[in-house]
Amino acid sequence: MCGIVGYVGGRPCRDLLIAGLEKLEYRGYDSAGISLLSDGHIDSVRAVGNLANLRAAVGLADEDGDGGVAVAAPPATIGLAHTRWATHGRVTEENAHPHGDCQDRIQIVLNGIVENHAELRRQLEDEGHRFSSETDAEIVAHLIERHYEQDLTEAVRAAFGDLRGHYAFAAMHSDHPGTLVAARHECPLIVGLGDGETFIASAIPAFLRETRRVLLIENGEIVTVTADGAVIIDASGNALDPPRDIEEVTWDEEAAEKGGFPTFMLKEIHEQPDAVAETITDRLSGIDHVDLSELDLEPEFVRNLRRIVIVACGTSYHAGLIGRYAIEQWARIPVEMDIASEYRYREPVVGPDDLVIGITQSGETADTLAAMRLASERGARVMAVTNVMGSQATRDADTVLYTRAGLEMGVAATKTFTAQTAAMYLLGLWLAQSRDAWPQEQITAIIAELKGIPSKIATTIESVEERVRAIARSHQDRRFFLYLGRNIGLPVCLEGALKMKEISYIPTDAYAAGEMKHGPIALLDESTPVVCVATNSPILDKILSNVAEVRARGADVIAIATEGNDDVAEVADQTLHVPATDWVLQPILAVLPLQLLAYHVARLNGLNVDQPRNLAKTVTVE
Ligand code: F6R
């Protein structure tokens with residue numbers, strides 16, 4: 001979830017670029033950098049950590065007088081800046097962007113992932129190019145160098161043609177002091193048109209203070225940016241016909257931070273395709289292999305692992321429950337799941353052959369940290385699954401599996417949940433593969449399915465949102481919702497019910513549907529909406545019988561079903577379909593309508609979904 005900002009115009013741009021990066025901080029990052037071109041010479045400064053560190057590094061370069069970033073005379077009026085969230089290569093100054101070519105005449109910043117980086121790097125090294133970082137991004141600077149024959153746009157276009165993956169990048173060249181060239185394939189890129197100055201960025205907030213006139217760059221396009229405006233061509237070099245319309249952004253700054261959505265929560269619901277893609281893509285770069293080499297676990301420990309214990313709170317606990325199904329199904333390792341605030345006050349039996357996984361998006365939840373520490377004290381190996389680099393969980397754990405959802409502003413966890421779920425799928429497959437616990441054809445098939453999940457998330461949100469809003473309208477005054485599911489649908493129900501109570505303040509209960517007849521069935525009558533997760537699974541017929549029992553008591557059934565399955569719609573009052581996938585992966589899609597249902601019920605009741613009462617984003621008190 002990196003950020004790009006570029007400027008070309010008449011003003012000194014160092015501070016403008018850093019101010020632009022500040023507006024992109026919400027996406028999350030672990031390092032940052034800036035390159036400025038002045039007097040035919042490019043100076044770059046990079047720093048690990050937050051923008052305060054970059055500012056300090058820029059300041060130091062000032063004092064030394066050799067960084068030139070601040071002292072360049074005349075001050076630079078063209079530059080590129082970037083916030084990086086590490087994917088390929090560790091979090092180091094060398095790996096922070098911008099990246100240069102062999103002669104330091106080209107600098108590039110890139111968001112996303114270049115999938116064929118290994119092959120390209122080998123070719124470029126054979127041709128004599130020297131690399132100074134471990135990143136996939138640096139390849140782009142060398143490709144531009146390879147193709148450069150005085151025409152920067154052409155060189156960028158040719159380099160763009162060599163790449164596979166999903167990315168957007170921007171480049172500058174010391175021979176072209178008034179030009180930036182950028183290209184987009186599946187990662188956002190926007191031009192901001194000012195008066196005698198032009199911006200390029202990965203998101204509008206980066207320049208919204210300066211201009212509201214924008215050009216949206218589409219996939220497969222290359223844009224050449226000068227102080228006078230921008231020229232867009234397609235990947236074959238043809239000018240756009242007709243040219244792209246200039247759009248006027250009407251949001252105020254607060255709305256801009258919300259990407260034009262009315263709330264952070266809705267924005268974050270819509271960011272889930274990205275959050276999951278960022279979490280899985282480079283770890284599934286081949287077709288048949290999960291790469292979690294980042295985990296600090298010796299093969300012998302993994303092979304002899306006796307048991308996994310997952311500890312977490314709230315939504316993270318629900319992601320752990322889904323992870324339990326995936327790990328047990330694929331890797332055949334017994335998994336125990338525990339609520340962190342319970343685990344830490346028991347006398348848990350745990351030891352050196354156990355892996356204890358603490359799932360915590362913030363990495364700071366006091367109970368989860370305490371449970372992890374207790375396990376560690378008893379000799380277990382401890383892994384953190386977290387979204388926040390440098391958080392306490394990352395410091396306490398023996399090894400870390402990062403989700404890459406970007407910063408989540410809404411108190412209710414949405415995109416961090418689907419990213420955690422995706423991370424648990426990766427872990428389940430990796431363990432299966434590392435222990436030869438499951439046939440390779442099956443692993444390959446699930447990997448192919450998992451790669452398709454980000455686009456299925458996008459399709460699901462788009463296709464159900466209007467219907468969910470209508471369903472929410474018809475149920476907004478209900479005093480109680482019951483959620484029923486079985487097997488891997490049960491954690492989805494628990495999560496849906498938590499979201500509903502947390503942001504709409506309507507009481508909910510979530511039950512294993514098989515338990516209904518042991519008491520909760522007494523709750524059912526015409527006034528009770530019952531949300532049933534009835535996506536495809538080996539026990540779908542069982543949940544269908546439960547739905548029939550519920551209907552027989554007059555309750556309204558809202559079912560979540562898999563596309564292509566008409567049996568559910570026959571027994572439910574309202575059915576929301578999600579795309580078909582392997583049944584273990586179905587929860588990551590099934591939860592989306594439930595997030596939206598809770599959201600719309602709360603909004604229709606006029607509630608502040610981003611900041612529900614009595615709740616804080618991170619629970620750090622014991
Ligand atoms: C619910 C929610 C909480 C958190 C819980 C754990 O929407 O956000 O239930 O999931 O407080 O937080 P982390 O994952 O930061 O440990």
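Residues numbered from 1 in each chain as written. Predicted model: local features only at pLDDT ≥ 70, side-chain atom pairs only at ≥ 80, totals over all residues. Heavy atoms only, no water.

Observations regarding the overall build of the protein
For the protein, the count of helices and strands is 20 helices and 24 strands. Its C-alpha radius of gyration of 25 Å places the protein within 12% of the 25 Å reference for a compact globule of 622 residues. Here the protein holds 622 residues, and the buried ones make up 59% of them. (Helix = DSSP H or I, 4+ residues; strand = E, 2+ residues; numbered from the N terminus. Rg over C-alpha atoms; globule rule 2.2 N^0.38 Å. Buried < 20%, exposed > 50% of the residue type's maximum accessible area, 1.4 Å probe, protein only.)

Examining the packing of aromatic side chains
Following the criterion strictly, the structure yields 6 aromatic pairs and no others. Measuring from ring centre to ring centre gives 5.8 Å for Phe199 and Phe207, while their planes differ by 35°; the resulting arrangement is tilted. One exposure class covers both Phe199 and Phe207, and it is buried. Seen in terms of ring centroids, Trp330 and Tyr425 are 6.0 Å apart; in terms of plane orientation they differ by 45°. Their pairing is tilted. A residue pair is termed long-range when its members are at least 10 positions apart, and Trp330 in helix 10 (residues 314-331) and Tyr425 in helix 14 (residues 415-434) qualify at 95 residues. A connected cluster of aromatic rings, assembled from ring pairs, spans Tyr7, Phe199 and Phe207. We note Arg121 situated over the ring of Phe131; from NZ or CZ to the ring centre the distance is 4.4 Å. Lying across the ring of Phe301, Arg381 places its NZ or CZ 4.4 Å from the centre. (Phe/Tyr/Trp six-rings, centres within 6.5 Å; stacked < 30°, edge-to-face > 60°. Lys NZ or Arg CZ within 6 Å of the ring centre and 35° of its normal.)

So, the packing of helix 15 (residues 440-451) against helix 16 (residues 453-475)
Packing of helix 15 against helix 16 brings their axes to within 5 Å, and their N-to-C directions diverge by 40°. Of the possible angle classes, the one that applies to helix 15 and helix 16 is oblique. Residues Glu449, Leu450 and Lys451 of helix 15 lie in contact with helix 16, whose contacting residues are Ile453, Pro454 and Lys456. Of the residues contributing to the contact of helix 15 with helix 16, the split by class is 3 nonpolar, no polar and 3 charged. (Axes fitted to C-alpha atoms, helices over the stretch in contact; angles between N-to-C directions. Parallel < 35°, antiparallel > 145°, perpendicular 65-115°, else oblique. Contact = heavy atoms within 4.5 Å. Nonpolar A, V, L, I, M, F, W, Y, C, P; charged D, E, K, R; others polar.)

Let's talk about the environment of Thr562
Mapped onto the elements, Thr562 comes out in strand 23 (residues 556-562). Residue Thr562 is classed as buried on the basis of its relative accessible area, which comes to 0%. Residues Thr562 and Ser285 lie 277 residues apart in sequence; the distance between their C-alpha atoms is 28 Å. Those residues in contact with Thr562, other than ones at most four positions away along the chain, are Ala534, Thr535, Asn536, His577, Val578, Pro579, Ala580 and Gln586. At a separation of 2.8 Å, a polar atom in the side chain of Thr562 contacts the main-chain amide nitrogen of Asn536. (Polar contact = N/O pair within 3.5 Å; in protein donor to acceptor, adjacent residues only side chain to side chain.)

Section: the layout of surface pockets
Considering only enclosed or pocket space, the largest pocket measures out at about 1300 Å³ in volume. In terms of lining, the largest pocket is formed by 43 residues, of which the most central are Arg184, Glu186, Pro188, His270 and Asp274. Residue assignment for the lining of the largest pocket shows that the elements contributing at least two residues are strand 6 (106-114), strand 7 (165-173), helix 7 (264-270), helix 8 (272-280) and helix 16. Class assignment of the residues belonging to the lining of the largest pocket gives a composition of 22 nonpolar, 10 polar and 11 charged. (1 Å grid on protein atoms, 1.4 Å probe; cavity = no way out; pocket = protein on both sides within 12 Å on 5 of 7 lines; lining within 4 Å. Points joined across faces, edges and corners; volume = space filled by probe spheres on them.)

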